[in-house]
Amino acid sequence: MNEEIKEVPHVLACDVGNSAVHFAHVHGDVVGEMQTIQIGRLGDLGSRLAALWDQIPAPRKVAAASVNAVGTKALEAAVLEHLQQDVLLVGRDLPLPMQVDVEAPDKVGADRVCAAVAAFDRLGVACVVADFGSAITVDCVNDEGVFLGGAIMPGLRMSIKALHEQTSMLPLVEPVNPDWVYGKNTSQAIAGGVVFGARGALKELIESYATELGHWPTVIATGGDAALVVGDVNESGLVQAIVPDLVLRGAAMAYYNTLAK
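Residues numbered from 1 in each chain as written. Predicted model: local features only at pLDDT ≥ 70, side-chain atom pairs only at ≥ 80, totals over all residues. Heavy atoms only, no water.

*Asks:* Looking at this structure, I do not really get the pairing of strand β7 (residues 127-132). What am I missing?
*Replies:* When a strand is regular, its side chains alternate between the sheet's two faces. For β7, the tally of buried residues reaches 6 of 6 residues, placing the bulk of the element in the interior. The side-chain alternation of β7 yields two buried faces, one formed by C127, V129 and D131 and the other by V128, A130 and F132. The pairing of β7 with strand β8 (residues 135-141) spans 6 bridges and is antiparallel. In the strand pairing of β8, A130 is matched with V138. Joining the antiparallel neighbours β7 and β8 is a turn of 2 residues. Taken together, the 5 bridges between β7 and strand β10 (residues 218-222) define a ladder with parallel strand orientation. What sits directly across from C127, in β10, is T218. (Buried < 20%, exposed > 50% of the residue type's maximum accessible area, 1.4 Å probe, protein only. Helix = DSSP H or I, 4+ residues; strand = E, 2+ residues; numbered from the N terminus. Pairing = 2+ DSSP bridges.)

In structure tokens, the structure reads:
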């Protein structure tokens, strides 16, 4: 965080994804317990936000990264009604918190950039951020702190749902960490296929990014299925850390960056 900020405000940071809204109290580099409400079950979003808001000292603001227009509307309505505040949305009210070297910076998911800036802020060197949510994104930041872009693929449950809906016999199963090599039944074959497939894609992308960068980057994972895909970071050697609140940290940083200018 920029040292020029003398009085660090408190932030109620929100991450509005395709399947859930996550939020937490952020104060500088300290992030409180992350809370989650599923999209479609947002009836008590306002009361949950208000309960947390009452615990946050002034000065305080609400900042959010969103990839879900419906979820954004629900969040803004809940914040206005229960907190009497406006939501500062990354990419709309707050500039993207890092340089983005892609064809259309305004089209990049704010969650991807927020996760990337939070990872680079901690590491200070080239890094890869893999977000295992409804969709899987694997993005790269160079040593200068520039977001270079990345890859997007279906998330585990999206892949399983597609197999179920576009075939006549494949069942809808839950993704699990496979403790097998060969799937001995259809459910194992599907679960193993999507999890091993995601791991393999991550390895291939990291190797490709390392080739372009000229050295091996640090890899940080986030998202609800990160632990399922990555496994034990101490054993895999592929990912250095799993940070569930990475997007929330980045959303708060987007606000802090505006104060330092």
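*Asks:* Is there a simple way to explain the pattern of salt bridges in this structure?
*Replies:* When their charged atoms lie close together, side chains carrying opposite charge are able to pair. Taken as a whole and assessed by the stated rule, the structure comprises 8 salt bridges. Residue D44 is joined to R48 by a salt bridge in which the shortest nitrogen-to-oxygen separation is 3.9 Å. Given the relative accessible area of 27%, R48 is considered partly exposed. We note a salt bridge from D225 to R157, for which the minimum N-O separation is 2.8 Å. (Salt bridge = Lys/Arg side-chain N within 4 Å of Asp/Glu carboxyl O.)

*Asks:* Where do I start with the sheet that holds β7 in this structure?
*Replies:* Through backbone hydrogen bonds, the strands of a sheet pair up, either in parallel or in antiparallel fashion. Strand order in this open sheet of 5 strands is β9-β8-β7-β10-β11, and the pairing throughout is mixed. Each edge of the sheet is formed by a strand with only one pairing partner; in this case those strands are β9 (147-154) and β11 (241-242).

*Asks:* How should I be thinking about the packing of helix α1 (residues 45-53) against helix α2 (residues 69-83) in this particular structure?
*Replies:* When two helices pack together, their arrangement is given by the angle between the helix axes and by the axis-to-axis distance. Direction vectors running N to C along α1 and α2 enclose 55 degrees, while the axes themselves pass 9 Å from each other. Relative to α2, the element α1 is oriented oblique. Classified by chirality, the crossing of α2 by α1 is right-handed. Contacts from L45, G46, S47, L49, A50 and W53 in α1 reach A74, L75, A78, V79, H82 and L83 in α2. The residue makeup of the contact of α1 with α2, split by class, is 9 nonpolar, 3 polar and no charged. (Axes fitted to C-alpha atoms, helices over the stretch in contact; angles between N-to-C directions. Parallel < 35°, antiparallel > 145°, perpendicular 65-115°, else oblique. Left-handed = near helix turned anticlockwise from the far one by under 90°. Contact = heavy atoms within 4.5 Å. Nonpolar A, V, L, I, M, F, W, Y, C, P; charged D, E, K, R; others polar.)

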